[in-house]
Amino acid sequence: DVFAGIDIGAAFAKAVILVDGDIAAWAVIPSGNNYRTAAEKVLQTALENARPGTDHPIRIVATGCGAGMVAFAQESAGEFICNARAVHHLAPGARTVIDIGGQFSRVFHIDREGRMTGFILSEKCAAGSGRVLQVVARVLQVPLEELGELSLKSKNKIDFTTSCAVFMESEVISRIAEGISREDIAAGVHRSLAAKVQVLVERLGFQPEIA
């Protein structure tokens, strides 16, 4: 049996192809400003990455903030349900899940069956989500996928005083003007985002293991 799952997020569109319950292929592309087009493209890309004979999924399920735009899906499912089941499939021992999204971050608990038992969301602000990393990567003129590696080369700790992505962009520009290295700036932004996530985990309650 061949199934396809499509997640249309605020920043990225993702697709995964399952064959008899096993992951056969996947793809990730920017969502852009047309979720319908992104859904079609990411599914096609995933199918092209799969082995021959898997180009006709018998059922397609959509999730994410743009799920309603996936007109060719037979079913849609909530993001929490999909996240919980996915984490349970990949890491059955996980009980606390951290999801850094493009619009906000969320932390939730799952039980031994992969059912969500509690959750907490960040404010709908880019500074508490993965969007801030995109903003900083653009200012630093670094590809987003290289930002993490860059931050690991930091030699000096710096802290950001703002909790707003708009002001953080201005602060990053100011730090560049002060001669602060790109490595230290990247690390500081990651540290700021991690601190916000830590607050969410502490408010909900930490239950090991974590994913």
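Student: Looking at this structure, how should I read helix α1 (residues 35–49)?
Tutor: Since the α-helix advances by 3.6 residues per turn, residues separated by three or four positions end up pointing in the same direction. With 15 residues, α1 extends 21 Å from end C-alpha to end C-alpha; this agrees with the ideal 21 Å at 1.5 Å per step. Listing the buried residues of α1 in full gives A38, A39, V42, L43, A46 and L47. Angular distribution of buried residues about the axis of α1 spans 160 degrees; they occupy a single face of the element. Of the exposed residues in α1, the ones pointing more than 90 degrees away from its buried face are K41 and E48. Backbone nitrogen of R36 and a side-chain oxygen of the N-cap are separated by 3.1 Å at the start of α1; the cap is N34.

Student: What is the right way to read the pairing of strand β6 (residues 96–100) from this model?
Tutor: Regular strands place their side chains on alternate faces of the sheet. Bridging between β6 and strand β7 (residues 105–110) involves five bridges; their strand directions are antiparallel. Looking across to β7, one finds that I100 is bridged to S105. Hairpin connection from β6 to β7: four residues lie between these consecutive antiparallel strands.

Student: Please explain the pattern of salt bridges as it appears in this structure.
Tutor: Oppositely charged side chains can form a pair if their charged atoms are brought close together. Tallied over the full model, the rule gives eight salt bridges. Across the pair R59 and E75 runs a salt bridge whose closest N-O atoms are separated by 3.3 Å. Here the residue R59 occupies a position in strand β4 (residues 59–63), and E75 occupies one in strand β5 (residues 75–76), the gap between them amounting to 16 residues. Here the salt bridges share partners, and the residues they tie into one network are E79, D99 and R106.

Student: Just to check I follow, could you spell out the sheet that holds strand β2 (residues 12–19) for this structure?
Tutor: Within a sheet, adjacent strands bond to each other through the backbone by hydrogen bonds, running parallel or antiparallel. In space, the five strands of this open sheet follow the order β3-β2-β1-β4-β5, with mixed pairing throughout. Among the strands making up the open sheet, the edge pair consists of β3 (22–30) and β5. Judged from the eight bridges that link them, β2 and β3 form a sheet pairing that is antiparallel. For V19, the partnering residue across the bridge sits in β3 and is D22.

Student: It is not clear to me how a nonpolar patch on the surface should be interpreted in this structure. Could you clarify?
Tutor: On the surface, I23, W26, V28 and L90 cluster together into a nonpolar patch covering about 460 Å² of accessible area. Looking at the nonpolar patch element by element, the count peaks at three residues for β3. As for its position among the elements, I23 is in strand β3. The class for I23 is partly exposed, based on a relative accessible area of 46%.

Criteria and cut-off values
- Residues numbered from 1 in each chain as written.
- Predicted model: local features only at pLDDT ≥ 70, side-chain atom pairs only at ≥ 80, totals over all residues.
- Heavy atoms only, no water.
- Helix = DSSP H or I, 4+ residues; strand = E, 2+ residues; numbered from the N terminus.
- Expected span 1.5 Å × (residues − 1).
- Buried < 20%, exposed > 50% of the residue type's maximum accessible area, 1.4 Å probe, protein only.
- Arc of directions from axis to C-beta.
- Polar contact = N/O pair within 3.5 Å; in protein donor to acceptor, adjacent residues only side chain to side chain.
- Pairing = 2+ DSSP bridges.
- Salt bridge = Lys/Arg side-chain N within 4 Å of Asp/Glu carboxyl O.
- Patch = residues over 30% accessible without salt bridge, like charges linked within 9 Å, V, L, I, M, F, W, Y side chains within 5 Å.
- Areas by Shrake-Rupley, 256 points an atom, 1.4 Å probe, with all protein chains shown as cover.

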